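So you can see what is in the structure, the chains are spelled out below.
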Amino acid sequence: MSARLFDHIDLRVKNRETAQRFYAQILPAIGFRVDKSGRRWGTFEPEGSVGVEFFGFTEEADHRPNGNRIAFWAPSREAVDKIGEAVRKAGAKNIEGPELCVDYSPGYYGVFFEGPDGNKLEVCFRESATIAE
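Note that the structure is a prediction, hence the values are computed from the model and not measured.

S.K.: Would you take a moment to explain the overall build of the protein chain for this structure?
M.R.: Counting its regular elements, the protein chain contains two helices and eight strands. In sequence order, the secondary structure elements of the protein chain are arranged as β-α-β-β-β-β-α-β-β-β. Based on the C-alpha atoms only, the size of the protein chain along its principal axes is roughly 45 × 35 × 30 Å. Residues counted as buried form 41% of the 133 residues belonging to the protein chain. Sequence separation of 24 or more characterises 51% of the internal contacts of the protein chain that already satisfy a separation of 6 or more. For the protein chain, the accessible surface area stands at approximately 8100 Å², while carbon and sulfur atoms represent 48% of it. Positive and negative side-chain charges of the protein chain, numbering 18 and 21 respectively, have mean locations separated by a distance of 5 Å.

This is the structure we're talking about:
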């Protein structure tokens with residue numbers, strides 16, 4: 001059984017070119033280093049050969065962001081800090097952190113932000129399992 005638990009993210013954006021510039025700056029820092037974008041879709045995937053997960057986005061002019069959030073895993077707090085710098089340089093909106101979020105679970109450390117279209121994103125490192133209330 002593979003360690004992968006998802007295949008892809010299929011995100012909608014208002015402006016494909018703006019999204020391409022933004023995600024080309026942050027996705028490589030997260031680990032999606034291979035840009036396979038075409039004219040219609042923005043697509044980034046990690047290095048690998050067959051069947052790798054990917055982050056994709058396409059333009060939908062009437063897209064409206066909502067409360068959903070996509071959270072990416074980071075291997076350490078230092079990695080969250082580094083990605084947080086890339087997020088700031090890329091021009092993300094409504095950045096919070098990087099910060100410790102003990103209400104989520106002990107050792108939860110993350111940076112929260114929105115992409116150019118208002119889609120909510122996060123990069124986090126967790127030292128323990130989630131706590132459900």
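S.K.: What is the right way to look at the pairing of strand β8 (residues 120-125) in this model?
M.R.: Successive side chains on a regular strand alternate, one facing one side of the sheet and the next facing the other. With five of six residues buried, β8 lies mostly within the body of the structure. When strand β5 (residues 69-73) meets β8, the two strands line up parallel, connected through five bridges. Of the residues in β8, the one forming a bridge with F72 is V123. Pairing analysis gives six bridges linking strand β7 (residues 109-114) to β8, with the strands arranged antiparallel. Bridge assignment links F112 to a residue of β8, and that residue is E122. In this structure, the hairpin formed by β7 and β8 is closed by a connection of five residues, where G118 is found at a positive phi of approximately 90 degrees.

S.K.: Even after reading the chapter, I still don't get the sheet that holds strand β3 (residues 41-45), so can you show me in this structure?
M.R.: Note on sheets: strands pair through backbone hydrogen bonds, and any given pair is parallel or antiparallel. Judged by pairing direction, the sheet is mixed, and its four strands sit side by side in the order β1-β4-β3-β2 without closing on themselves. Where the open sheet ends on each side, the last strands, each with one partner, are β1 (8-13) and β2 (34-35). Bridge count for β1 against strand β4 (residues 54-59) is six bridges, and the pairing is parallel. Of the residues in β4, the one forming a bridge with V13 is E59.

S.K.: Can you help me understand unusual backbone geometry in this one?
M.R.: If a residue is not glycine, its phi is most likely negative; likewise, a peptide bond is most likely trans. Cis geometry marks the peptide bond from G97 to P98, where omega comes out at 10 degrees. Structurally, the position occupied by P98 is in strand β6 (residues 93-100). At N94, a position not held by glycine, the phi torsion is positive, near 45 degrees. Here N94 lies in strand β6. Residue N94 is classed as exposed on the basis of its relative accessible area of 54%.

S.K.: Can you walk me through the sheet that holds β6 in this structure?
M.R.: With respect to topology, four strands assemble into an open sheet ordered β5-β8-β7-β6, the strand pairing being mixed. Either end of the sheet is taken by a strand with one partner, and the two such strands are β5 and β6. Here the average twist between neighbouring strands, direction ignored, is 15 degrees. Strand direction decides the pairing type here: β6 and β7, joined by four bridges, are antiparallel. When the sheet's bridge partners are listed, E99 is paired in β7 with G110.

Cut-offs applied
- Residues numbered from 1 in each chain as written.
- Predicted model: local features only at pLDDT ≥ 70, side-chain atom pairs only at ≥ 80, totals over all residues.
- Heavy atoms only, no water.
- Helix = DSSP H or I, 4+ residues; strand = E, 2+ residues; numbered from the N terminus.
- Buried < 20%, exposed > 50% of the residue type's maximum accessible area, 1.4 Å probe, protein only.
- Contact = heavy atoms within 4.5 Å.
- Areas by Shrake-Rupley, 256 points an atom, 1.4 Å probe, with all protein chains shown as cover.
- Lys, Arg positive; Asp, Glu negative; His and termini not counted.
- Charge placed at Lys NZ, Arg CZ, Asp CG, Glu CD.
- Pairing = 2+ DSSP bridges.
- Axes fitted to C-alpha atoms, helices over the stretch in contact; angles between N-to-C directions.

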